[in-house]
Amino acid sequence: MGSITRIAVLPVMLVLAALVPFTGNDFYIALGISILLNAVLATAWGLFAGPTKYISLATAAFFGVGAYTVGLFYERVPMLALYPIAALIGAVLATFVGLTTLRIQGMYFTIFTFGLAELIRQLMTWYQRNVTGSVGVYIITDITARQIYWSLTALLALTLLGGWLLARSRYGLALLMIGEDELAARHSGVRTTAVKVVVLALTSAIMAVTGAIVAPRWTYLDPNIAFNPTLSFMPAVIALLGGMQRFWGPLVGAIPLVILFDQLNARFPTTYTLILGLLFMVIVFVIPDGILGLLPKLQRLRGAAPAPTAAPASLSAPLVPSTPTRTASPGVDGITGTPRASTLNGAVLLEVNGVRKAFGGIVAVDDLSFTIREGEVFGIIGPNGSGKTTVLNLISGVYEPDRGQILFLGRSLAHKAPEEIARAGIARTFQLVRIYPALTCLDHVVPAALFGGHVRSLAEAREYASELLEELGMGQFMHVPAGQLNFIDQKRLELARALALRPKLLLLDEWLAGLNPSEMLIGMELIESLRGRGTTIVLIEHLMQAVRRLCDRCIVMSFGQKIAEGTPEEVLANPEVVRVYLGEADNA
Amino acid sequence: MQRYTRRAVLGLIGTASISALLAACGGGQATPTPAPQPSPTSAPAQQPSPTPTTAAAPTPTVVATQPKKTLRVGFAISKSGPYAAGAGITIYPNYVLWAKDVNDAGGIKLSDGVYTVELIEYDDQSSPEEAIKAIQRLVNQDKVDLLLPPWGTAMNLAVAPVFHQLGYPQLGVANLSDKTPELVKQWPGYFSFLGTSSQYSEAVADLLSDLANQGKIGKKVALIYVDDAFGLELSEAARKKFKATGFELVYDQGYPLGTTDFQPILTDIKQRQPDAFVACSYPADTLTLPEAAMVVDFNPPVFLTAVGTAFPVYVGKFGQNAEGVMGLGGIDPKAPGLMDYYKRHKEVTGQDPDRWGSPVCYASLQVLQQALERVGKVDRQAVAREVATGSFQTIIGTVKLEGNIYYGNWLLGQWQNGEFLALWPKNKAAATPIVPKPAWKK
Amino acid sequence: MTSILDALVTGLVYGGIYALLALGLTLQYGVARILNLAYGDFLIAAAVFATLLYQRFQLSPLVSLLLLLPASFLIHLLVYHLVFVQLERRRGSWRAMEASSILLAFGLSFVVSGAMLAIFGGKLFSYSYLLVPVQLLGSVVPANRLLALVLALAFGGFAYLLLVRTRIGTAIRAIAVDPDGAPLAGIDVRRWAGLTFAFGGIICAASGVLISMFQTFNVPMGVTFTLKALVVVIMGGVGNAVGALVAGLILGVTESFVARFISPGLTLAAVYGLFVLAVLTMRTGIFGRALR
């Protein structure tokens, strides 16, 4: 009952909004257009910036391009055809921008986008001057304010619907993961760049259509108007003030704020800018998480669950235990056929040949070679700073080797991005746990299953993920935000996320570190059970006890070089290893 | 869940009101000058914030016997954003001055009584959307009797359909464009008092031909223009006319809006030794070009820059070096009432008006007032018709529009002894051109 | 040949102001980790004061430089400690406050320009000072532009020596790399970041005073200067003093050459072309990694 009310709120509001023009007061239409314009731009902006935390200041660029599309072609092309054209141009432009800049992170991206609007303005000026011989365009149509009002209402409805669908889809979750921890997302198999570019293109298309809708209202366009920097600032400000935890946060910001700005501007025409500035600063201090942040924090933690609309909700929704695709005794890995006992004569899975990696002057890994066979548990040990984690990062694609090559199943991993490597079947955990505190456990595992590429539908992924969590003994935490888990469970969650990719090779980076003795035992048993099922595992470990018990073979590293290789017993008897290792152990 | 929604709504309202409160307090504390009263304010109290007026206003001589009525006159103008400069120089002070002048003189006499003018103003933030909204607010919420136009072609065009639809005459001043004759067919209440762009370009070519015929200059012209609507319109018409009158364009290049470094351009031009240098420039460029010319020692017989030459800040900046520079606009100090206007403007608004748009803007307001008085009531359609067809006595002389455009302006002027004197059209000239221009003093 | 040399020399001199402009911002963002969107507005404030002092009291801008630079230092120090540090305290870490700091910087920008708008409106400011032609390697350049170049080189050199050659500089760079981690290394982040921010403020005011000598400006133009500075900052690499200097000069030379030998209409297009090029190369990691 309650949820029906909540789901109905937005559509009802939109319908009510659509009735405003019938009040007969044109001022309300004008104010409404102002609100709608800002609401659409802010919502579109927030759809991308909210989950990813990429603060873009290029809204004016896309808006202007859309407006100019109408300005330049409205006499030759029917209006209705111009909206999709504007959307297309906006999307193409955004794709270009995204491909060139989305690898840049944080504030750097913000600065670039700030310059982008200016760049596009220059290009447009240049184009117009050389093609049409003037800089301004007259747009004289018989489109009325009401039509523009309704078009914007419809666009807002579409944008909100899009936001709702996005939040429910796998891409919504992927975006959230990118915003929280992009690297971890990539190791879950998320093609982060592609996801970001697609969403940026879609939201930019909305901005372009907004420009196309509004342009006829202004009669005349020149680059100053179409690419007015205020058009970039305002949506960002409104979305941030509204709150970006939900896709409708910017809308919640737009309505009161535009009315407030309007009132302030009307009452204090001379000191408006000053008041606005003070207001922003006060709001940043008083309601840091925006208007949405005023809602109880709990709502936010539950995640995603409560809102009718928020994405993870649907993903975490209880399963329908129907599809009996599960095998009698589901292998955690689910890929290879028969579990095999530890053996040294399996097929070669990973081959590392003469790999070297240096950072500045420091050689982290030098001329390292080893081979891992299917089904074995392979240890990499060595004192702190000996380059173990670097090896893992080289295998999983975080770094590219300076020299040498890494072959996985006979194919080179050179120039492969982490997400491609993850999809190819190499999963990893992190030395320092990288989880998303606000997301539920299920939401950690589902995307890995999805983006790992072996399940088709969300439902299937959900089912697979919950089976996996059950098997790892985490069934009761399925819908608990990961931030509330204790340490071992967070580690288990990471493991589950890695396993959800159905990896052929699992890289565990000091997975046992930081566990207390009893947890350690549980942990070792868990790894043994994986091994018993035939998963090939690379174990970076500090604890000799664990190495002895778990590893079939291992190498010992010191200062980036391999100093010994063999079974744990052989290796630990090596005098060089004893010197390097125990020397350090004494110090410790 | 219902409760949750209600709580959210309450929260929203609470936030909004708190922030409004904070904003109000913040504004109160931080405004450096006595803040203008929240509009609507009656015009005489409305001072432009910078300088409090020192001069005592002449006390009204006529004491009206019947109770005064108010004529509500509204406008939205750019007080912030890129258009604030132009609006603050040419338009806004004249609105303030006019309202004060009208009220000091007793008001506007209509058939049912004498009306004092009350100004209601908003900031359009240099945004067309805000401008449209402000006009709708003025008409629908504030119920104004008349509207005054904003500054700039873009802003005037943005609000034109609204003025038209609501039936308000739009006596535009800073809406110079070659497209105006076409536009007025669509919007019969749309006027333009500064004329058309090509009028000015043609005047430039005519003036130069005249000088060439007198043997004062040769036929080599260097033309530069800002890559913006007005600069392009101006240069295009000038180019045509130069070619038609046998001038040789030794240099013809555009430069982007916002250019600050003119040394490379002028170095190049100097080598081509033009007789006349014509820059279709905007104020910032106009105020920078002479500096670059001084540095590279480029001193052609005719040095003509476009918008901004007629600004008082120009002569303030260059002093003696302004002497002989030509530009758009110009005035004739002997025109009746004009110098009085300049004196009053400075007293009331604290700033010296420019020698081009300002007097025209004031004249447009006089036209509006006279048309209103002739009609005798606030019948906006009739007022528009009267403006279009009548002839009016103003500070810039007799104004009669043709096709909703006033073509009778002083088009070109030259700084001579600290005043920007009209040179063209020749029959209205206030001075003869000083050619060649005196050398730059260092 | 002579004209090429001339274009080069004048370009370098005119690039000086870009270099100076960007230097302050690059230090502010690079070290204090604040995208100071109010940069251009503070610059305009300095320019307005210099103009008023010159026009009302005939005070030479060079003298007002001595007044305005310390004033700007203090104001920026105050702004940093009263606004941004307070925000950081509330948020718990620099990383957590990035989005909020942008909002705050917007607010600050509006406050600074809004206060000036309320007083001066859109009024144009313009005066000439030090417009003395100076012979330099066979070219003529105005002394005020030359002064901008000299100041840019002086401030840039100072910043470089300070950051690269001293222990304090090492500390400051550590903050730039990891503001949240630096306290662990015993560095008083707030103190040093605040001082660097204020040093950026000095350069900001110096640019403002110099710009007022040769450029017409008004209050709403602040954002234009912020934008211009940002473009140079990106090209030079954020937080990189030498990069900002070089990028500024390259920009000046590019504008000069394009205006002289190609077409004045393409100067800005060329500038933004360079900008895109810089971003594209950055992506492949020439500057990218250091700038994370």
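The structure displayed is predicted, hence computed values, not measured ones.

Caption draft 1: Main features of the overall build of chain C. A tally of helices and strands in chain C yields 11 helices and two strands. Written out in order from the N terminus, the α and β elements of chain C read α-α-α-α-β-β-α-α-α-α-α-α-α. Taken over the C-alpha trace, chain C has a radius of gyration of 19 Å; the compact-globule value for 292 residues is 19 Å, and the two agree within 12%. Pairs at least 24 residues apart make up 77% of the contacts formed inside chain C by residues separated by at least 6 positions. Summed over its atoms, the accessible surface of chain C is roughly 10500 Å², and 69% of this surface lies on carbon and sulfur atoms. Seen as two clouds, the 18 positive and the 8 negative side-chain charges of chain C have centres 1 Å apart.

Caption draft 2: Examining the pattern of salt bridges more closely. Summed over the entire model, instances satisfying the criterion amount to 32 salt bridges over all chains. Of the charged contacts, one joins Arg186 of chain A and Glu419 of chain A as a salt bridge, the two residues approaching to 2.7 Å between their closest N and O atoms. Placement of Arg186 of chain A in helix α8 (residues 182-187) and of Glu419 of chain A in helix α17 (residues 418-424) is noted, with a sequence separation of 233 residues between them. Judged by its relative accessible area of 22%, Arg186 of chain A falls in the partly exposed class. The class for Glu419 of chain A is buried, based on a relative accessible area of 7%. Shared partners join several salt bridges into a network, and the residues in it are Asp262 of chain A together with Glu130, Lys133 and Arg137 of chain B.

Caption draft 3: Spotlight on the confidence of the model for chain C. Residues and elements named next belong to chain C. Per-residue confidence for chain C gives a mean pLDDT of 83; residues scoring 70 or more make up 90%. Taken element by element, chain C is modelled with least confidence in helix α11 (residues 288-291), mean pLDDT 35, and with most confidence in helix α2 (residues 39-57), mean pLDDT 93. Confidence drops under a pLDDT of 50 for residues 283-292, and excluding neighbours within four residues, the segment shows 13 contacts in the predicted structure. For this predicted complex, the interface confidence score (ipTM) comes to 0.86, while the overall pTM stands at 0.83.

Caption draft 4: Quick look at the domain arrangement of chain B. Residues and elements named next belong to chain B. Assigned domains within chain B: domain 1 (43-49 + 58-196 + 335-400) and domain 2 (197-331 + 411-428). If you average the C-alpha positions of domain 1 and of domain 2, the two centres end up 30 Å apart. The partner domain 2 presents 17 residues to the 18 residues of domain 1 that form the contact. Interface area, domain 1 with domain 2, both sides summed: about 1400 Å², of which 59% is carbon and sulfur. Its largest share of buried area at the contact with domain 2, domain 1 owes to Thr196, Arg355 and Trp356, together 48% of the area lost on that side. Ionic pairing is found between Arg355 and Glu419, a salt bridge with its closest N-O pair at 2.8 Å. Where domain 1 touches domain 2, the interface holds 10 residue pairs in polar contact (both at pLDDT 80 or more). Sort the elements by how many residues they give to the side of domain 1 that touches domain 2 and helix α12 (residues 338-349) lands first, with three residues.

Caption draft 5: Highlighting a nonpolar patch on the surface. A cluster of nonpolar side chains, namely Val12, Val15, Leu16, Leu19, Phe22 and Trp150 of chain A, defines an oily patch on the protein surface of about 590 Å² accessible area. Here the nonpolar patch takes four residues from helix α1 (residues 2-19) of chain A, the largest share from any one element.

Caption draft 6: Looking closely at the interface of chain C and chain B. Each partner contributes to the interface: chain C provides 32 residues, whereas chain B provides 38 residues. Here chain C packs against chain B, burying approximately 2800 Å² in sum over the two surfaces, 60% of which is carbon and sulfur. If you look at where chain C meets chain B, you find zero salt bridges. Counting every contact that joins chain C to chain B gives six residue pairs in polar contact (both at pLDDT 80 or more). Top element by residues in the side of chain C that touches chain B is helix α4 (residues 98-120) of chain C. It accounts for four residues. Considering only residue class, the side of chain C that touches chain B consists of 18 nonpolar, 11 polar and three charged.

Caption draft 7: How the structure looks around unusual backbone geometry. The omega torsion across Trp424 of chain B and Pro425 of chain B is 5 degrees, close enough to zero to call that bond cis. One can find Pro425 of chain B in the segment after β15 (419-424). Note the cis peptide between Val435 of chain B and Pro436 of chain B, where omega equals -5 degrees. Here Pro436 of chain B shows up in the segment after β15. Phi at Lys53 of chain A takes a positive value of approximately 65 degrees, unusual for a residue other than glycine. By the element assignment, Lys53 of chain A lies in the loop between α2 (26-52) and α3 (59-73). Phi angles above zero are rare outside glycine, and Asn404 of chain B is one such case at about 70 degrees. One can find Asn404 of chain B in the loop between β13 (397-400) and β14 (412-416).

Caption draft 8: Layout of the sheet that holds strand β11 (residues 553-558) of chain A. Residue and element names in this part refer to chain A. A sheet is described by the order of its strands in space; here six strands give the open sequence β8-β9-β10-β5-β11-β12, paired in mixed fashion. Two strands close off the open sheet at either side, each with one partner strand: β8 (426-428) and β12 (561-566). Across the sheet, the mean angle from the axis of one strand to that of its neighbour is 20 degrees, orientation sign disregarded. Running over the sheet, helix α16 (residues 388-395) touches β5 (377-381), β8, β9 (505-509), β10 (536-541) and β11 and is turned about 150 degrees from β9.

Caption draft 9: Highlighting the side chain of Arg137 of chain B. Looking at where Arg137 of chain B falls in the secondary structure, it is placed in helix α3 (residues 128-141). Not counting the four nearest positions on each side in its chain, Arg137 of chain B is found in contact with Phe27, Asp262, Gln263 and Ala266 of chain A together with Tyr122 and Asp142 of chain B.

Caption draft 10: The sheet that holds strand β2 (residues 108-110) of chain B, seen in detail. All names here are of chain B. Read across the sheet, four strands follow the order β2-β3-β1-β4 without closing on themselves; strand pairing throughout is mixed. The outermost strands of the open sheet, each flanked by one partner alone, are β2 and β4 (146-148). The sheet shows a mean angle of 35 degrees between the axes of neighbouring strands, taken without regard to direction. Sheet topology places strand β1 (residues 69-77) next to strand β3 (residues 113-123); nine bridges connect them, and they run parallel. Looking at the pairing, Arg72 lines up with Glu118 of β3. Lying over the sheet, helix α13 (residues 357-375) contacts β1, β2 and β4, oriented at roughly 25 degrees with respect to β2.

Caption draft 11: Broad picture of the nonpolar core. One finds Leu221 of chain A together with Phe155 of chain C to be the most contacted residues of the largest nonpolar core, which totals 303 residues. With 16 residues, the top contributor of residues to this core is α2 of chain A. Those residues in contact with Phe155 of chain C, other than ones at most four positions away along the chain, are Leu20, Leu23, Leu69, Phe199, Ile202, Ile203 and Ala206 of chain C. Within the second largest apolar cluster, 126 residues are counted, among which are Leu119, Leu171, Tyr282 and Trp356 of chain B.

Definitions and cut-offs
- Residues numbered from 1 in each chain as written.
- Chains lettered and ligands numbered in written order.
- Predicted model: local features only at pLDDT ≥ 70, side-chain atom pairs only at ≥ 80, totals over all residues.
- Heavy atoms only, no water.
- Helix = DSSP H or I, 4+ residues; strand = E, 2+ residues; numbered from the N terminus.
- Rg over C-alpha atoms; globule rule 2.2 N^0.38 Å.
- Contact = heavy atoms within 4.5 Å.
- Areas by Shrake-Rupley, 256 points an atom, 1.4 Å probe, with all protein chains shown as cover.
- Lys, Arg positive; Asp, Glu negative; His and termini not counted.
- Charge placed at Lys NZ, Arg CZ, Asp CG, Glu CD.
- Salt bridge = Lys/Arg side-chain N within 4 Å of Asp/Glu carboxyl O.
- Buried < 20%, exposed > 50% of the residue type's maximum accessible area, 1.4 Å probe, protein only.
- pLDDT = per-residue confidence, 0-100.
- Domains from an automatic or database assignment.
- Buried area = accessible area lost by both parts, 1.4 Å probe.
- Polar contact = N/O pair within 3.5 Å; in protein donor to acceptor, adjacent residues only side chain to side chain.
- Patch = residues over 30% accessible without salt bridge, like charges linked within 9 Å, V, L, I, M, F, W, Y side chains within 5 Å.
- Nonpolar A, V, L, I, M, F, W, Y, C, P; charged D, E, K, R; others polar.
- Pairing = 2+ DSSP bridges.
- Axes fitted to C-alpha atoms, helices over the stretch in contact; angles between N-to-C directions.
- Core = buried A, V, L, I, M, F, W, Y, C linked by side-chain atoms within 4.5 Å.

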